[in-house]
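Residue-level listing of the chains:
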Amino acid sequence: MRILISVDLEGISGVVGKNQIHEEGSGFEWARDKMAKEVNHAIEGALEGGAREIYVNDAHGSMKNIIPDKLHSEAFLISGDLKELSMVEGLQKDVHGLFLIGYHARRGTKGGILDHTYSGRVVSQITINGVELGETGINALVAGAYGVPVLLITGDDKVCQEGIDLLGDVYTVKVKEGLSRYAAICLHPEKAGKIIKEKAREAVTNINRFKPFFMDSPYELRVEVVTSAMADGIEMVPGIKRINPTTLEFVHEDLITLFKVLRVMLVMGGNSS
Ligand SMILES: [Zn+2]
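S.K.: Go over the nonpolar core with me, naming the residues and quoting the values.
M.R.: The biggest cluster of nonpolar side chains holds 52 residues, and the ones touching the most others in it are Leu91 and Leu221. Broken down by element, the residue count for this core peaks at eight residues, all from helix H6 (residues 255-271). Of the residues that make up this core, three or more belong to each of domain 1 (2-105 + 135-209) and domain 2 (219-271). What Leu91 contacts, discounting residues up to four positions off in sequence, is Leu4, Leu85, Val142, Ala143, Tyr146 and Val148. In this structure, Ile21, Leu151, Leu152 and Val175 belong to the second largest nonpolar core, which totals 37 residues.

See the structure below:
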């Protein structure tokens, strides 16, 4: 059995501030170390549950946060950017289940630690077929297109609830309780790791009960951006319709094509602010 682990940084226990998530920040070295440790606990649990091959996709910022020799030696590390499937690169490896470790709530979530959706600077809101989605939902949909279910989500209480609301049957580990965007009550990293290991083992043991996340095709993607200048840039992409000064729409029957166009939209938006 093969498991893919997508790991972000904002949802790691003890991470609450901007200085911990940017490479030049004073807390970054501490945070990247804890990121690797939480992943290692997930790997240990998955191996105990019966996984035989594990891929870890570094999915935050530069996507080079995990120092290779800090990772469990049984796992393959997918490091660096650009990657066809971005945060869920590795799905192409014919994996059977996906873990989302260190995830955060979508933009606009009260008490969601460092909440954003892909690009905090560009995106106000993303919906597909009328359903508001964050990184959890979008990546779960991409995994669904490969027939892969999400087994486990870890992060703050808000992202865990977001995952349950969307996916229903999924294991979650709340490693912190968000009080505001930059404050949380955190589990000790060792305790968080212990629970993650336990839940990872249980999730892999029960893998047959999980269903991939699907929506009906064609997919109608709407992206609301922060400024009209961003929308001016995105509107240049052929096939994209402007719904109002800051909202753009793209419709397609293939989810992976839609996902790639979404990422082009974010690049265009980011270059046009
Ligand atoms: Zn993120």
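S.K.: Before we move on, could you go through the packing of helix H2 (residues 135-145) against H6 and cite the residues and values that matter?
M.R.: Orientation of H2 relative to H6, taken along the N-to-C sense of each, is 145°, at an axis distance of 9 Å. Where H2 crosses over H6, the two elements pack in a sense that is left-handed. Contacts from Ile138, Asn139, Leu141, Val142 and Ala145 of H2 reach H6 at Leu255, Ile256, Phe259 and Leu262.

S.K.: Please give an account of the pairing of strand S11 (residues 241-244) that cites residues and values.
M.R.: Pairing between S11 and strand S12 (residues 247-252): three bridges, direction antiparallel. Each bridged residue has a counterpart across the sheet, and for Arg242 the counterpart in S12 is Leu248. Remark: two residues form the turn of the hairpin made by S11 and S12, two consecutive strands paired antiparallel.

S.K.: Can you break down the sheet that holds strand S2 (residues 53-58) residue by residue, with the values?
M.R.: As summarised here, the arrangement of the seven strands in space is S3-S2-S1-S4-S7-S8-S9, forming an open sheet in which the pairing is mixed. Only two strands of the sheet have a single partner each, and these edge strands are strand S3 (75-78) and strand S9 (183-186). Taking the axes of each pair of neighbouring strands and ignoring which way they run, one obtains an average angle of 20° across the sheet. Sheet topology places S2 next to S3; four bridges connect them, and they run parallel. Within the sheet, the bridge partner assigned to Asn57 lies in S3 and is Ile78. Here H2 sits on the sheet and contacts strand S4 (97-103) and strand S7 (150-156); the angle it forms with S4, its principal contact strand, is near 165°.

S.K.: Which residues make up the packing of helix H1 (residues 28-49) against helix H4 (residues 189-205), and what are the values?
M.R.: In the contact formed by H1 and H4, the axes pass within 7 Å of each other and the chain directions differ by 35°. By crossing handedness, the relation of H1 to H4 is classed as right-handed. Contacts between H1 and H4 involve Trp30, Lys34, Glu38, His41, Ala42, Glu44, Gly45, Ala46, Glu48 and Gly49 from the first element and Pro189, Ala192, Gly193, Lys194, Ile196, Lys197, Ala200, Arg201, Val204 and Thr205 from the second.

S.K.: Run through the side chain of Lys34, naming residues and quoting values.
M.R.: Tracing the backbone shows Lys34 in helix H1. Reaching out from Lys34, the side chain makes a polar contact with the side chain of Asp33 at a distance of 3.0 Å. Beyond its immediate sequence surroundings of up to four residues, Lys34 is in contact with Ile12 and Pro189.

Calculation notes
- Residues numbered from 1 in each chain as written.
- Predicted model: local features only at pLDDT ≥ 70, side-chain atom pairs only at ≥ 80, totals over all residues.
- Heavy atoms only, no water.
- Core = buried A, V, L, I, M, F, W, Y, C linked by side-chain atoms within 4.5 Å.
- Buried < 20%, exposed > 50% of the residue type's maximum accessible area, 1.4 Å probe, protein only.
- Helix = DSSP H or I, 4+ residues; strand = E, 2+ residues; numbered from the N terminus.
- Domains from an automatic or database assignment.
- Contact = heavy atoms within 4.5 Å.
- Axes fitted to C-alpha atoms, helices over the stretch in contact; angles between N-to-C directions.
- Left-handed = near helix turned anticlockwise from the far one by under 90°.
- Pairing = 2+ DSSP bridges.
- Polar contact = N/O pair within 3.5 Å; in protein donor to acceptor, adjacent residues only side chain to side chain.

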